[in-house]
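Descriptive analysis of the structure
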Amino acid sequence: MNHDGDHPTRGQQDFPGRIAELASESIPAWPRRPRAHAGAPNIVVVLLDDLGFSDISPFGAEIDTPALEELAASGYRLANYQTPPMCAPARAALMTGLNPHRAGFSFVPHIDPGFPHARMELPHDAPTLAETLRGAGYATFMVGKWHLTPEAQMHDGADRSSWPCQRGFDRFYGCLDGFTSLFHPHRLLQDNTPMDRESYPEGYHLTDDLTDRALDMIGGLRASDPDKPFLLYFSHIAVHAPLQAKPEDIAKYRGMYDSGWDHVRSERFAREVRNGLFPEGTRPAGRNSEPGLDVVPWDSLDDGQRLLFSRYMEVYAAAVDNVDQNLRRLTDRLKELGEYENTIILFTSDNGASGEGGETGTRSYFSRFVTVGQELPPEWQADVPRNPELIGGPQSFAHYPRGWAYASNTPFRLYKTHPYSGGVRVPMLVSWPAGLPRTSTDGGVRQQFAYATDVMPTLLDLAGVEPLQRCAGGPAQTPDGRSFAPWLRTARARSERGSQYVELNGRRSFHEGGWKVVAPTANGPGWSPHGWELYHVEEDPAETRNLAATHPERVRALGDRWRATAWANQVFPLNDDGSLFRRRPSTELVLEQPVTLFPGTPTLERYRSSKLVALRSTVIDVQLDYRSGDEGVLVAHGDQGGGYLLYVEDGAVHCAYNEYGRMRRVSAALPVGTTEVGLRFEVLPQLRWRLALSVDGTEEAALGSVVQLVGMCPLTGISVGADRGGPVDWDLYQRRGPFRYQGNLRHVRYTPGTKADYHDEELVDIEQQTALQFD
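Definitions and cut-offs
Residues numbered from 1 in each chain as written. Predicted model: local features only at pLDDT ≥ 70, side-chain atom pairs only at ≥ 80, totals over all residues. Heavy atoms only, no water. Helix = DSSP H or I, 4+ residues; strand = E, 2+ residues; numbered from the N terminus. Rg over C-alpha atoms; globule rule 2.2 N^0.38 Å. Areas by Shrake-Rupley, 256 points an atom, 1.4 Å probe, with all protein chains shown as cover. Lys, Arg positive; Asp, Glu negative; His and termini not counted. Charge placed at Lys NZ, Arg CZ, Asp CG, Glu CD. Core = buried A, V, L, I, M, F, W, Y, C linked by side-chain atoms within 4.5 Å. Buried < 20%, exposed > 50% of the residue type's maximum accessible area, 1.4 Å probe, protein only. Contact = heavy atoms within 4.5 Å. Disulfide = S-S within 2.5 Å. pLDDT = per-residue confidence, 0-100. Axes fitted to C-alpha atoms, helices over the stretch in contact; angles between N-to-C directions. Parallel < 35°, antiparallel > 145°, perpendicular 65-115°, else oblique. Nonpolar A, V, L, I, M, F, W, Y, C, P; charged D, E, K, R; others polar. Pairing = 2+ DSSP bridges. Salt bridge = Lys/Arg side-chain N within 4 Å of Asp/Glu carboxyl O.

From N to C terminus, the chain includes 18 helices and 31 strands. Rg of the C-alpha trace for the chain: 28 Å, near the compact-globule value of 28 Å for 775 residues, within the 12% margin. In terms of principal-axis extent, the alpha carbons of the chain reach across some 100 × 85 × 60 Å. Total accessible area on the chain stands at roughly 29100 Å², and carbon and sulfur atoms take up 50% of it. Of the charged side chains in the chain, 78 are positive and 100 negative, and the gap between their average positions amounts to 3 Å.

Another point: the nonpolar core. In terms of nonpolar packing, the biggest core is built from 86 residues, with Phe230, Leu232, Trp261, Tyr400 and Trp404 touching the most fellow members. The element contributing the most residues to this core is helix H8 (residues 303-336), with 14 residues. Apart from residues lying up to four places away in sequence, Leu232 is in contact with Ile43, Val44, Val45, Phe141, Val143, Ala214, Ile218 and Leu330. Counting 63 residues, the second largest nonpolar core, distinct from the first, contains Leu189, Leu459, Leu460 and Leu488.

Take Glu539: it is sitting in the loop between strand E18 (533-535) and helix H14 (552-568). A sequence separation of 257 residues divides Glu539 from Thr282, and the C-alpha atoms of the two residues are 7.8 Å apart.

Time to look at the state of the cysteines. A complete count under the given rule lists zero disulfides for this structure. As a non-bridged cysteine, Cys165 has Cys175 as the owner of its nearest cysteine sulfur, 15 Å distant. Given the relative accessible area of 14%, Cys165 is considered buried.

Attention now moves to helix H3 (residues 87-96). Counting buried positions along H3 yields ten of ten residues, so the element is predominantly enclosed. Those residues of H3 that fall on the buried side of the exposure criterion are Cys87, Ala88, Pro89, Ala90, Arg91, Ala92, Ala93, Leu94, Met95 and Thr96. Buried residues along H3 sit in contact with strand E1 (42-48), helix H4 (129-135), strand E4 (139-145), strand E8 (230-235) and helix H12 (455-463). At the exit of H3 stands Gly97, carrying a positive phi of roughly 80 degrees.

Averaged over every residue, the pLDDT of the chain is 93; the share at 70 or more is 93%. This model gives residues 1-12 a pLDDT under 50, and the stretch forms four contacts once residues within four places in sequence are excluded. With pLDDT under 50 throughout, residues 770-775 is counted as low confidence; its partners more than four residues away or in other chains account for zero contacts.

This part covers the packing of helix H2 (residues 66-74) against H8. Two elements in contact, H2 and H8, have axes separated by 7 Å at closest approach and are oriented at 55 degrees. On the basis of their axis angle, the class for H2 and H8 is oblique. Residue-level contacts link Pro66, Ala67, Leu68, Glu70 and Leu71 of H2 to Asp324, Leu327, Arg328 and Lys335 of H8. Broken down by class, the residue content of the contact of H2 with H8 amounts to five nonpolar, no polar and four charged.

Right, let's talk about the sheet that holds strand E2 (residues 76-78) for a bit. Strand order in this open sheet of ten strands is E7-E6-E5-E4-E8-E1-E9-E10-E2-E11, and the pairing throughout is mixed. Looking along the sheet, the strands with just one partner apiece sit at the ends: strand E7 (193-195) and strand E11 (445-446). The pairing of E4 with strand E5 (residues 171-175) spans five bridges and is classified as parallel. Of the residues in E5, the one forming a bridge with Val143 is Tyr173. Running at roughly 170 degrees to strand E9 (residues 343-349), H12 makes contact with E1, E9 and strand E10 (428-431) of the sheet.

Moving on to the environment of Leu745. Along the polypeptide, Leu745 turns up in strand E30 (residues 744-755). Between the C-alpha atom of Leu745 and that of Val720, which follows or precedes it by 25 residues, the distance is 9.1 Å. When residues no more than four places from it in sequence are discounted, the contact partners of Leu745 are Pro599, Val622, Gln623, Leu624, Leu634, Val720 and Gly721.

If you walk through the whole model with that rule in mind, you get 61 salt bridges. In this structure, Arg606 and Glu151 form a salt bridge, with 2.9 Å as the shortest nitrogen-oxygen distance. Taken together, the residues span a long stretch of sequence, with Arg606 in helix H16 (residues 606-611) and Glu151 in the loop between E4 and E5 at a distance of 455 residues. With respect to class, Arg606 is no different from Glu151; both count as buried. As a salt-bridge pair, Arg363 and Asp383 come within 2.8 Å of each other at their nearest N and O atoms. Of this pair, Arg363 sits in the loop between E9 and helix H9 (365-368) while Asp383 is found in the loop between H9 and helix H10 (402-408), placing the two residues 20 residues apart along the sequence.

Below, the structure written as structure tokens:
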């Protein structure tokens, strides 16, 4: 500051002159995004999870989907669109145009064995659809399921470089994980920030919420810029298990599936042929008969089974119906804005319908969806009994019997994860009234072969956007996909896609020139003339006639083509023996360190929480100053799919253990002045724990043997001072809600202990392996 009053500082003397100097210099313009070309179309990609080929009415379903019928009436139905047979590999291919192994997704991002094909992060030199469109001047929005981030990188302290907003999206609202509850989502993010909700309002439904957010994003853009085109990637979490739907939607389908899956499949196939998806004379695949994958005749079930099993499909249909209702909300808003005609809408599924529900279905998805290799204890129940009326509601984590997946995938064989058409052939609709108008003589059905890698090149082609040539400071990878825009415009145009490999867990296929070889079981990295089946899919799309014995040379040639293509796409090593599931990097050890959680700490992320308790002994130490009348939840971990919690009520401390839907409880008196409550998990043989409840260091009660929570369970992470998100104990939730602790709760400390001897994790020393590269 100048204190002399009439003597300017040196800076004040030089200021006018410096301005003149700056004005004369050549100053580069501040970098700005380009403006998209005038009239550029909006792009909406709607992706469902585990939807079968025949599960929407334009593809033969009895499910009410009028919004999709409108898209089909003005647009195009792709009858031969194919995809990797599992969600994350399919999403990686769709998002980058790369084959899934090149994109780093040989599987879903719940493994990390250290090989390039399983790095579970999109390559930084592979521009995503969002990055490319944003570079062309588009606003980019995403709602729903991402599932393209390693699970060890989803916690609050993680590197966020593989999260949606770092891969091209301006706005994101949804879930990084592969699935969640539609009534009590376990962890939602807004942009880069986890939303730590204590509870969800009455009537909350995630599909509705995602649509609300999508409409808000579009509305916010239009309030500020009336012309800027946008990409909306609406990646539904429905209809992945747990199957859940709104009560009024379920009621609409009550009784519709009492006729069973054989009848539904027959009716759907007849409509598929009648609607031109398959020619007259096409032979549908017979009932799945492979051991462990087979479907029994509906008529062989007893009355109780039929009643129970039909309930599952009513919920599934209701969930699909609700997706369509929300699509109608979106298309109605586009019409109100005057933008529907100039919006490209692409609707599809990431893989075929799932048979994970097993022969009988389940009301306890996590006990059926077991991802450990150990022998299960005799008391393990793959379907923990619950009132059938609860199926589809917030208390039930359900999945339908695989007989309904057999119907969903009409007319194909098998399910998700398999290289047969039931795993890889799914519905696709493309509509753009202004840019792809239908003629009166064009029925809108396209039979040309297209693959998930073709989606990005097609959308860029239609929008007139050039692919990025550079990304992450270097040349961008060349995509594997080819645009199918030419044969959308001209029905007789030739497809640019000549061939495609598939591989998942050692199961393999190769499609070329209307022929397809399939290796349905994992049997090594090469090929054997006895390991491949051969189908002429151009004439036999449902793969009903194995021609391997009569065309051995074709089998050999296509098998060799698979092997060569696999090497070119870094498919090896195959996960034939499941060993890639066991390998984990030593960098994850930090997630197993003891942690002290204070009241108000955001709910700990799922995977970080699981590393503290999974397949090991653990001590939970709660420090408090208990006074008469204090009550509430001390710590909670999990939800209605399975979990545990400690809470104080009526002068006692209570432990509630949700064993995949079966409640186990134990309590102990809590004297005034208590300063420590403990819960010890002691590993027992055959996936069991002993739970010991202590007060001020003295064991007061115990659950002698409970089935461990494994795999993706508990889904909701650890919360302190309230049961946030999905409730562990439904009865307590009904009485007290989240039951925030009222009293002096100082902290809760988790100290992980000894791992079980059946914990088969193989840690890879990352530092050692890195050093070897430079040795």
